[in-house]
Amino acid sequence: MLTLFKLLLPALMPSWRFFKSVDPSPRVEWRLLASPSAALAPWQEFRPRPQRLSPQAVAGRMLWNARWNESLFLVSCAERLTLAPTEHSRQEILRRIAADLRRGQPPGALQPYLQFRLVFLDRAEDGQLIKAVTYQSEPYLMAALSAQSARAARAAA
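For clarity, every value in this text was computed on a predicted model and none was experimentally measured.

Asker: If you had to explain the environment of Leu-114 to someone new, which residues and values would you point to?
Answerer: Checked against the element boundaries, Leu-114 lands in strand E3 (residues 113-123). Separated by 81 residues in the primary sequence, Leu-114 and Leu-33 have C-alpha atoms spaced 6.3 Å apart. When residues no more than four places from it in sequence are discounted, the contact partners of Leu-114 are Trp-30, Arg-31, Leu-32, Leu-94, Ile-97, Ala-98, Leu-101, Glu-138, Pro-139, Tyr-140, Met-142 and Leu-145.

Here's what the structure looks like:
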């Protein structure tokens, strides 16, 4: 009986020791510019995590959380950009940032150029946060991004 319990215990309570280490994941930051050579605007975090969640929100997220799934996809794209940059990963990140920005603003209210960067946050031994920028895009014209999104939507349909 004890042998059976020893065999079942790992299935009931799995161990996380199969990870050698847990590295920080990239954060996506963005800024809008009036022109590619304009004065640089401050960076803003894309989809920052909430500081607190109510128990109802946590329960709801266990059942449906499409936005979080999309954010995990963006982390995958960001990791690919740091290892082996591809145009697909760059465009996926740009399209999603642009779509989120357009949702919250009336037409014409946004600056015409969008730029993003990937940042890794790590904690030093003394407890201070270290911010390392691993990738920074060129400024992209927002109108061109919306045209690409429209073409991609038509091709998928």
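Asker: With reference to specific residues and values, describe the pattern of salt bridges.
Answerer: Evaluation of the coordinates by the stated rule reveals 11 salt bridges. Measuring nitrogen to oxygen at the nearest pair gives 2.7 Å for the salt bridge that ties Glu-29 to Arg-117. Taken together, the positions of Glu-29 in strand E1 (residues 27-33) and Arg-117 in strand E3 put the pair 88 residues apart, joining distant regions of the chain. Glu-29 gets classed as buried once you look at its relative accessible area, which sits at 8%. For Arg-117, a relative accessible area of 12% gives the class buried. Between Asp-100 and Arg-103 there is a salt bridge; the shortest N-O distance is 2.5 Å. Of this pair, Asp-100 and Arg-103 both sit in helix H4 (residues 87-103), 3 residues apart, which is roughly one turn of the helix. For Asp-100, a relative accessible area of 14% corresponds to the buried category. Salt bridges sharing common partners tie together Arg-47, Arg-67, Glu-70, Glu-92, Arg-95, Arg-96, Asp-100 and Arg-103.

Asker: If you had to explain unusual backbone geometry to someone new, which residues and values would you point to?
Answerer: The backbone of Arg-47 sits at a positive phi, close to 50°, despite the residue not being glycine. Among the secondary structure elements, Arg-47 is positioned in the loop between strand E2 (44-45) and helix H2 (55-63). For Arg-47, a relative accessible area of 16% gives the class buried.

Asker: Could you give an account of the pairing of E1, with specific residues and numbers?
Answerer: Counting buried positions along E1 yields 6 of 7 residues, so the element is predominantly enclosed. With 7 bridges joining them, E1 and E3 adopt antiparallel strand pairing. Across the sheet, residue Leu-33 finds its bridge partner in E3, namely Tyr-113.

Asker: Summarise the nonpolar core; cite the residues concerned and give the values.
Answerer: Within the largest apolar cluster, 20 residues are counted, with the highest numbers of intra-cluster contacts made by Ile-93, Ile-97, Leu-114, Phe-116 and Leu-118. Ranked by residues supplied to this core, first place goes to H4 with 5 residues.

Asker: Account for the packing of aromatic side chains, with residues named and values stated.
Answerer: Within the structure shown, the criterion is met by 1 aromatic pair. With a centroid separation of 5.7 Å and an interplanar angle of 40°, the aromatic rings of Phe-116 and Tyr-135 are classed as tilted. Taken together, the residues Phe-116 in strand E3 and Tyr-135 in strand E4 (residues 129-136) connect sequence positions 19 residues apart. This pair shows no difference in class: Phe-116 is buried, exactly as Tyr-135 is.

Each value, and the rule that gives it
- Each chain has its residues counted from 1, running along the sequence as written.
- The predicted origin of the model limits local features to residues at a pLDDT of at least 70 and limits the giving and counting of side-chain atom pairs to 80 or more, whereas totals for whole chains, interfaces and linings rest on all residues.
- Only hydrogens and water are set aside when side-chain values are computed; all heavy atoms of the structure are taken into account.
- Where helices and strands are cited, they refer to DSSP runs of H or I of at least four residues and of E of at least two residues respectively, numbered from the N terminus.
- Residue contacts are defined here by distance: any two heavy atoms, one from each residue, within 4.5 Å place the two residues in contact.
- Salt bridge, as used here: a side-chain nitrogen of Lys or Arg that lies within 4 Å of a carboxyl oxygen of Asp or Glu.
- Here's how the labels work: a residue is buried when its accessible area is under 20% of the maximum for its type, exposed when over 50%, partly exposed in between, all with a 1.4 Å probe on protein chains only.
- What makes two strands pair is DSSP finding at least two bridges between them.
- Buried Ala, Val, Leu, Ile, Met, Phe, Trp, Tyr and Cys residues form a nonpolar core when they are joined through side-chain atoms within 4.5 Å.
- What counts as a ring pair is set by centres within 6.5 Å for rings of Phe, Tyr and Trp (its six-membered ring), and what kind of pair is set by the plane angle: stacked under 30 degrees, edge-to-face over 60, tilted for all other angles.

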